[in-house]
Amino acid sequence: IHQHDGAANPQAKRAGRVVHHLTGELVAVLRSFVHHLRRDFRRVAAAPLALAVFIFGVSFGVLAIAAHLPGWSAVLMSALVFAGSAQFASLGVIASGGGVVAAIFAGALLNLRYVATGIASAPALPGRRWLRAVLGQLVIDESYAMAVGAGQEGNPEPRTLLITGALLYSVWVVGTLLGVLLGPVLGDPKRLGLDAAFPAGFLALLTVPAPGDPAAV
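Presented here is an overview of the structure given in this document.

1. Re the overall build of the chain
Link 1 in the chain: Helix and strand counts for the chain stand at ten helices and zero strands.
Link 2 in the chain: Of the regular secondary structure in the chain, the N- to C-terminal order runs α-α-α-α-α-α-α-α-α-α.
Link 3 in the chain: The proportion of buried residues among the 217 residues of the chain is 32%.
Link 4 in the chain: If you take every contact in the chain between residues at least 6 apart in sequence, the share linking residues at least 24 apart comes to 74%.
Link 5 in the chain: Summed over all atoms, the accessible surface of the chain reaches about 12,900 Å², with 70% contributed by carbon and sulfur.

2. Considerations on helix α3 (residues 71-80)
Link 1 in the chain: Those residues of α3 that fall on the buried side of the exposure criterion are Gly-71, Ser-73, Ala-74 and Ser-78. The buried residues of α3 occupy one face: seen down the axis, they fall within an arc of 165°. The outward face of α3, more than 90 degrees from its buried face, is lined by the exposed residues Trp-72 and Leu-80.
Link 2 in the chain: For α3, the secondary structure elements touched by its buried residues are α2 (47-66), α4 (84-95) and α9 (158-186).
Link 3 in the chain: Following α3 by one or two positions, Phe-82 has its phi on the positive side, about 50°.

3. Overview of unusual backbone geometry
Link 1 in the chain: Even without glycine at this site, His-68 takes up a positive phi of about 65°.
Link 2 in the chain: Residue position: His-68 is located in the loop between α2 and α3.
Link 3 in the chain: For His-68, a relative accessible area of 72% gives the class exposed.
Link 4 in the chain: For Phe-82, which is not a glycine, the phi torsion comes out positive at approximately 50°.
Link 5 in the chain: With respect to the secondary-structure elements, Phe-82 resides in the loop between α3 and α4.
Link 6 in the chain: On the basis of relative accessible area, Phe-82 is assigned to the buried category, the value being 4%.

4. Quick look at a nonpolar patch on the surface
Link 1 in the chain: There is a patch of nonpolar side chains on the surface, built from Phe-105, Leu-109, Leu-112, Val-115 and Ile-119 and spanning about 540 Å² of accessible area.
Link 2 in the chain: Those elements giving two or more residues to the nonpolar patch turn out to be α5 (100-110) and α6 (113-121).
Link 3 in the chain: Counting through the fold element by element, Leu-109 comes out in helix α5.

5. Considerations on the environment of Val-148
Link 1 in the chain: By secondary structure assignment, the location of Val-148 is in helix α8 (residues 141-150).
Link 2 in the chain: According to the relative accessible area criterion, Val-148 is partly exposed, its value standing at 26%.

6. Regarding the nonpolar core
Link 1 in the chain: In terms of nonpolar packing, the biggest core is built from 19 residues, with Val-53, Phe-60, Ala-74, Phe-82, Ile-140, Leu-168 and Trp-172 touching the most fellow members.
Link 2 in the chain: Sorting the residues of this core by element identifies α2, α4 and α9 as the ones contributing at least two each.
Link 3 in the chain: If one sorts the elements of this core by residue count, α2 sits on top with six residues.
Link 4 in the chain: With residues up to four places along the chain from it excluded, the contact list for Trp-172 reads Val-53, Phe-56, Gly-57, Phe-60, Ser-78, Phe-82, Gly-84, Gln-87 and Phe-88.
Link 5 in the chain: Judged by nonpolar contacts, the second largest core, of seven residues, contains Leu-135, Leu-138, Val-139 and Ala-147.

Basis of the calculations
- Residues numbered from 1 in each chain as written.
- Predicted model: local features only at pLDDT ≥ 70, side-chain atom pairs only at ≥ 80, totals over all residues.
- Heavy atoms only, no water.
- Helix = DSSP H or I, 4+ residues; strand = E, 2+ residues; numbered from the N terminus.
- Buried < 20%, exposed > 50% of the residue type's maximum accessible area, 1.4 Å probe, protein only.
- Contact = heavy atoms within 4.5 Å.
- Areas by Shrake-Rupley, 256 points an atom, 1.4 Å probe, with all protein chains shown as cover.
- Arc of directions from axis to C-beta.
- Patch = residues over 30% accessible without salt bridge, like charges linked within 9 Å, V, L, I, M, F, W, Y side chains within 5 Å.
- Salt bridge = Lys/Arg side-chain N within 4 Å of Asp/Glu carboxyl O.
- Core = buried A, V, L, I, M, F, W, Y, C linked by side-chain atoms within 4.5 Å.

Quick look at the structure:
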């Protein structure tokens, strides 16, 4: 038994050292990630936009339930489309008795502006064509405006574009999910002023620092 314990102890110590080393490496990576995330979050000043987009997502979820859409379809729409104005337009068509084709057409018309935005953002997106197509989902009005403010004229700053886009995508989907869950409780979103979230989001774009502004540091 003692021999068995003696053989097991070195193995246990070796495993403990490996676990300790891996844990230390993981903690170091997480600390570095949080440091860069905090630095970039402060630099792009995305907090006002994140709050506005989150409330806007809640409003969309509540309105979708009020229009008798299945909750899962509203969340799926936010995850796949990620365009507030187009989603609200499509929702308005459906709520007024229009068909799915008309709703898609209304949303597509509003999203035509993203053709120009996508062309302007393409050089800032890393990777091959398929990866740029996936990352293009993060390019919206707000993330593009932030990236232009952090970069140079005609040259959006890639890191700002992706981090801001990922942040806003997350709060948009989570906000929609929360709105779907709270929709039956909240009732009419206009009563709470949630319908004002969309213009508030664009007003928040005024907080984007201009290139060269000391506030951008």
